[in-house]
Protein chains: 2
Amino acid sequence: MKKITIHDVACAAGVSAATVSRSLNLPDQVKPAVRAHVIATAERLGYLADGAARALASRRSGAVGAIVPTLDNPIFATCIAALQQRLDEHGRVLLIASSGYDPAREARDLRGLLERGVDGVMLVGADHAAAVWHLLASARVPVVVTWTTTGAPPGVPCIGFDNQAATRRLVSYLLDIGHRRIAMIAGPSPGNDRATARVAGVREGLARAGIDWPEEYRVERPYSVAAGRATLIEFMSMPRPPTAIICGNDHLAFGALAAAAGMGIRVPAELSLTGFDDLDFAAHATPALTTVHVPAAAMGRQAADCLVAAASARAGPASVELEAPVMLRDTTAPPPPIR
Amino acid sequence: MKKITIHDVACAAGVSAATVSRSLNLPDQVKPAVRAHVIATAERLGYLADGAARALASRRSGAVGAIVPTLDNPIFATCIAALQQRLDEHGRVLLIASSGYDPAREARDLRGLLERGVDGVMLVGADHAAAVWHLLASARVPVVVTWTTTGAPPGVPCIGFDNQAATRRLVSYLLDIGHRRIAMIAGPSPGNDRATARVAGVREGLARAGIDWPEEYRVERPYSVAAGRATLIEFMSMPRPPTAIICGNDHLAFGALAAAAGMGIRVPAELSLTGFDDLDFAAHATPALTTVHVPAAAMGRQAADCLVAAASARAGPASVELEAPVMLRDTTAPPPPIR
DNA sequence: TTCGATCATGAAAGCGCTTTCAAGCAGAGG
DNA sequence: CCTCTGCTTGAAAGCGCTTTCATGATCGAA
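Residues numbered from 1 in each chain as written. Chains lettered and ligands numbered in written order. Predicted model: local features only at pLDDT ≥ 70, side-chain atom pairs only at ≥ 80, totals over all residues. Heavy atoms only, no water.

Caption draft 1: Molecular detail of the protein's contact with DNA strand D. For DNA strand D, the set of nearby residues contains 26 residues, the closest of which are A:I6, A:S21, A:N25, A:Y47 and B:T19. Among atoms of DNA strand D positioned within 4 Å of the protein, sugar and phosphate together represent 65%. A:D50 is positioned such that a nitrogen or oxygen atom in its backbone is 3.4 Å from a phosphate oxygen of DNA strand D. Going through the elements one at a time, α2 (17-25) and α4 (51-58) of chain A together with α2 (17-25) and α4 (51-58) of chain B are the ones with two or more residues in the surface near DNA strand D. Grouping the constituent residues of the surface near DNA strand D by class yields 12 nonpolar, 7 polar and 7 charged. (Near = heavy atom within 4 Å. Polar contact = N/O pair within 3.5 Å; in protein donor to acceptor, adjacent residues only side chain to side chain. Helix = DSSP H or I, 4+ residues; strand = E, 2+ residues; numbered from the N terminus. Nonpolar A, V, L, I, M, F, W, Y, C, P; charged D, E, K, R; others polar.)

Dropping the structure here:
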């Protein structure tokens, strides 16, 4: 039994291949009776279209690509899940790659996606290797940047939120409740504009209040629970330890929380801690984590809509700024009275 | 500026299209000097192969498909992350779909993947609609089943673990430390052989010890934190509440843990709780969750290897049984003395 | 009834690549 | 010096589908 082609269906239905193709793709260009017969025949024969041939002839694949830093962080998985689901509703399929925060690997992966003929690409953040923008431009493929609202080249839509404003608000809150010694465990900044913006937000919040931010209150660490754990110990071993620590993401915060428990430091009574992402488990940690809610699913959904629209040249792709509210929970409180 | 084809490269390099193709795909069939020149020319021109044309002519796409129940559960995201990374190392690309635990949607999504010409498919579990197996057979596409070791049609390799043995061991342990009233919050069983096997494991463990398992000690709930929360309250409001509760996955367990805290029930002193999956956060919950470790990343990696091998007809795809060890942590302890 | 306009359909030309197949060519052996 | 072998290369035939383009068929209006 060999493969069933559009020709076999055409013969069996007593029409031409062109009519079969039209029945399947442009249903209203063919008489209803004929169409029904063709579709029934195709079904009976178990016809499965050959996507490669279709893509070659029609110059579009119905596939969309996405490159995320990592799928191991549930925040990206959530975004991808929403993206995939929405693409599915549009009859599109999702090709996925992960860069491991490595710009070179990202460029290489993008090449792979482009060679597979994706009709659009979702990227995280606006900070990418020059090769990435070149490839995208010369392949003339629609692209959308997520997770940020700034920094993308002109003409590239952004669907994201304001990272800097988010941490600025976090700092304002901490200052309001009395903190003055605020430290930060930031994520790695190279190639990561989100991490950089989050640091800038803290600096800005402090500057507005006229508060000095000593160098040693800011460190850059990989996004891991282990790093959060180790770094909290470093901070709390200082002669003048901070009274609040802002973590670059929830993983770091969970690590810090665990380390505090291990050191016998009570959170939030003795130390305030914040995260960033609002993972499912942030609300279920003990104590529940104060963090910034990242609208991952919304970004995925809207990115899908944006790319599908761009692929059919329908809508002028517009940028969208989403809310990233601070979720006040149980890891923040006024600092202990000065002894 | 129009698209650069293999022909343009051929002209620029002063060779035929066939030689360009060979330089790129079968490097040792062409003289080194020529090959180097061709590759340099391709690079200079910014040549990007057209995957559709390549797939059409060579009858393979270099893409592998995967269908998981959901990407919102990090356990599947971890598996997909590993799968993707390994495929990337093989120069393959990953097409992903999620069924939302709906067999009909799974069949539809599979069709989409097959139409895109995937060279292999990874499935979770062995329980699928008949249409799924039909499609796979008639498309002659290699497939691998993960997350279980049993129940797949003959000839279909499984890369998974023994769900039933895992919960059986969990029960043995609970019995050993003195529990007799053991309840279970299972996942939805329709179309989910893993959930079913986990229930069977509990039943088997209890039966071996000659202990009765009353109907009301077993309920089926969606895999969510909220369901875990609500169900724990139900269980603990019974006249004779269980002393240990086995949850079908970690989400349910986290919910149960939170509800116990809310009710003022001390875990593990008054109640033992177990999960299944061993998510990253299981070890960081308070108290740290006793659970079954699911080798998600290993399954993803090995599934990738298996499918790549099958696509090149290299190795006879073999089934693999991986370990799923019980991770004893802080949510299990002997039951309180009988009052 | 007749004419032009509209609609449904078929024929055929590719889409850009891989892959036989055959030819060219250089070196080895007689 | 000639033939045979083995290695490179080019020519060309598709891969299965979409999509003009052209041709009948159909319909409403005159």
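Once the structure has been displayed, the description carries forward.
Caption draft 2: Focus on the packing of aromatic side chains. Here the structure, examined in full by the defined rule, presents 9 aromatic pairs over all chains. For A:R198, the ring lying beneath its charged end belongs to A:F276, and the centroid distance is 3.7 Å. Above the plane of the ring of B:W213 lies B:R218, whose end atom (NZ or CZ) is 5.7 Å from the centre. (Phe/Tyr/Trp six-rings, centres within 6.5 Å; stacked < 30°, edge-to-face > 60°. Lys NZ or Arg CZ within 6 Å of the ring centre and 35° of its normal.)

Caption draft 3: Representation of the protein's contact with DNA strand C within the structure. With respect to spatial proximity, 25 residues lie near DNA strand C, and among them A:T19, B:I6, B:S21, B:N25 and B:Y47 are the closest. Put simply, 66% of the atoms of DNA strand C that lie within 4 Å of the protein are in sugar or phosphate. One of the side-chain N or O atoms of A:T19 is found 2.4 Å from a phosphate oxygen in DNA strand C. B:A53 has a polar backbone atom sitting 3.4 Å from a base nitrogen of DNA strand C. Tallied by class, the residues present in the surface near DNA strand C amount to 12 nonpolar, 6 polar and 7 charged.

Caption draft 4: Up close: the environment of A:A285. Residue and element names in this part refer to chain A. Tracing the backbone through its elements, the reader meets A285 in the loop between β9 (272-274) and β10 (291-292). A C-alpha to C-alpha distance of 9.1 Å links A285 and L257, two positions 28 residues apart in sequence. Residue contacts for A285: discarding those within four places in its chain leaves F254 and L257. (Contact = heavy atoms within 4.5 Å.)

Caption draft 5: Structural context of the relation of the copies chain B and chain A. Between the two copies, chain B and chain A, the superposition gives an RMSD of 0.0 Å; the rotation angle is 180° and the shift along the axis is 0.0 Å. Interpreted geometrically, this transformation is the action of a two-fold axis. Looking at the interface residues of chain B, 98% of them are also at the interface in chain A, so both copies use one shared face. (Least-squares fit on C-alpha atoms with pLDDT ≥ 70 in both.)

Caption draft 6: Representation of the pattern of salt bridges within the structure. Under the counting rule described, the total for this entry stands at 26 salt bridges over all chains. In this structure, the salt-bridge partner of B:R86 is B:D305, at a minimum N-O distance of 3.1 Å. Here B:R86 is found in helix α5 (residues 74-89), whereas its partner B:D305 is found in helix α12 (residues 296-311), with 219 residues between them in sequence. Here B:R218 makes a salt bridge to B:E215, at a shortest N to O gap of 3.4 Å. You can call B:R218 partly exposed: its relative accessible area is 26%. Put simply, A:R86, A:E89 and A:D305 are held in one network by salt bridges that share partners. (Salt bridge = Lys/Arg side-chain N within 4 Å of Asp/Glu carboxyl O. Buried < 20%, exposed > 50% of the residue type's maximum accessible area, 1.4 Å probe, protein only.)

Caption draft 7: Expanded view of unusual backbone geometry. Residues and elements named next belong to chain B. In this chain, V267 is followed by P268 through a cis amide linkage whose omega measures 10°. Here the amide bond leading from T286 into P287 is cis, since omega sits at -5°, within 30 degrees of zero. Relative to the helices and strands, P287 resides in the loop between β9 (272-274) and β10 (291-292). The phi torsion at D277 lies on the positive side, around 140°, for a residue other than glycine. Position of D277 among the secondary structure elements: in the loop between β9 and β10.

Caption draft 8: Representation of helix α3 (residues 32-45) of chain B. Residue and element names in this part refer to chain B. Over its 14 residues, α3 extends 20 Å from the first C-alpha to the last, a length consistent with the 20 Å expected when each residue adds 1.5 Å. Those residues of α3 that fall on the buried side of the exposure criterion are V38, T41 and A42. Projected onto a plane normal to the axis of α3, the buried residues spread over an arc of 100° and lie on a single side. Facing away from the buried side of α3 by more than 90 degrees, the exposed set consists of P32, A33, E43 and R44. Note on α3: the residue one or two positions beyond its end, G46, has a positive phi of about 70°. (Expected span 1.5 Å × (residues − 1). Arc of directions from axis to C-beta.)

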